[in-house]
Amino acid sequence: ARATEGYAAAAPLLKEALNAFQREADLSPNDARWLWFASFIALFTYDDAAWTVLFKRQVELARETGALSTLAFILGNGVAVYALFGELRTAAALQEELRAATEATGVAADPAALLSLAALRGREAEFSELIRTTIGEAEGRGEGIALTNAEFLSGTLYNGLGRYEAALEAVLPAARFYTEGPAMWALTELIEAAVRCGKPEHAQRAFERVQEATRPAGTDWALGIKARCHALISDGD
């Protein structure tokens, strides 16, 4: 429904699905397999509370069953998201656990984890090295969403460093895929970069798309993002 009819039409269905995953205390093995997908839906609908519940349940299940390869995947997501939430100490602690899990299994770590930490800490050299590896591997595997995520995080890094032209250049490609979760986050970086660069036409188009997602979501996170973006493109008090 979200892909074919848009965010507003899909929001009630997505919220009910997320509520069901949180409500059911004892998921069947088949249902438990979909917790990872539900957690991504929570992020893309700006529901940080639901994401936190679902993430913790995934970690508990993986630890209980000794599924180290699954745990590595889950922890990689956790590092990236807690970094996005600004909880860098939690993200760093999860990164240490992730390192142990990947060393034990030989499974490659999710590059989004380290990329997110580097971007939000403003470590440009480290970020650039990771980007070169990530983009090359993602292109080789045909993983478009990984490229979009890299564009979003590039915008995050350069906006944080006050290099708004570089931020705008980084996130403009993501605007073409604005129905993807990471692309929607990239639009918020695009709005800030465009306003700082004196290119309001880019910011206005991006804001219209951000509104389409944040208004039906209705969470504090969504409404806060919407208010912040609206403030950036507004004049006066």
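Residues numbered from 1 in each chain as written. Predicted model: local features only at pLDDT ≥ 70, side-chain atom pairs only at ≥ 80, totals over all residues. Heavy atoms only, no water.

### Thoughts on the environment of Ala112
Put simply, the rule reads: Helix and strand labels come from DSSP, where a helix needs a run of H or I of at least four residues and a strand needs a run of E of at least two; each type is numbered from the N terminus. The rule is simple: take the accessible area with a 1.4 Å probe, protein chains only, and divide by the maximum for that residue type; under 20% is buried, over 50% is exposed, in between is partly exposed. Note on contacts: a residue pair is in contact if any heavy atoms of the two residues lie within 4.5 Å.
The residue Ala112 is located in helix H8 (residues 111-121) in this model. Judged by its relative accessible area of 14%, Ala112 is buried. Taking the C-alpha atoms as reference points, Ala112 and Gly78, separated by 34 residues in sequence, lie 9.9 Å from one another. Contact partners of Ala112, with chain neighbours within four places excluded, come to Ala80, Asn149 and Leu153.

### What to know about helix H9 (residues 124-141)
Just so we agree on the cut-off: One less than the residue count of a helix, multiplied by 1.5 Å, gives the span that helix is expected to have. To obtain the arc, one takes the directions from the helix axis to the C-beta atoms.
With 18 residues, H9 extends 25 Å between its outermost C-alpha atoms, agreeing within 8% with the 26 Å of an ideal straight helix rising 1.5 Å per residue. Inspection of H9 places Phe127, Ile131, Thr134 and Ala138 among the buried residues, and these make up the whole buried set. One side of H9 holds all its buried residues, which, seen down the axis, span an arc of 85°. Every exposed residue of H9 that faces more than 90 degrees away from the buried side is listed here: Ala125, Arg132 and Gly140. Those residues of H9 that are buried are in contact with H8 and helix H10 (144-160). Just beyond H9, the residue with positive phi is Gly142, at close to 70°.

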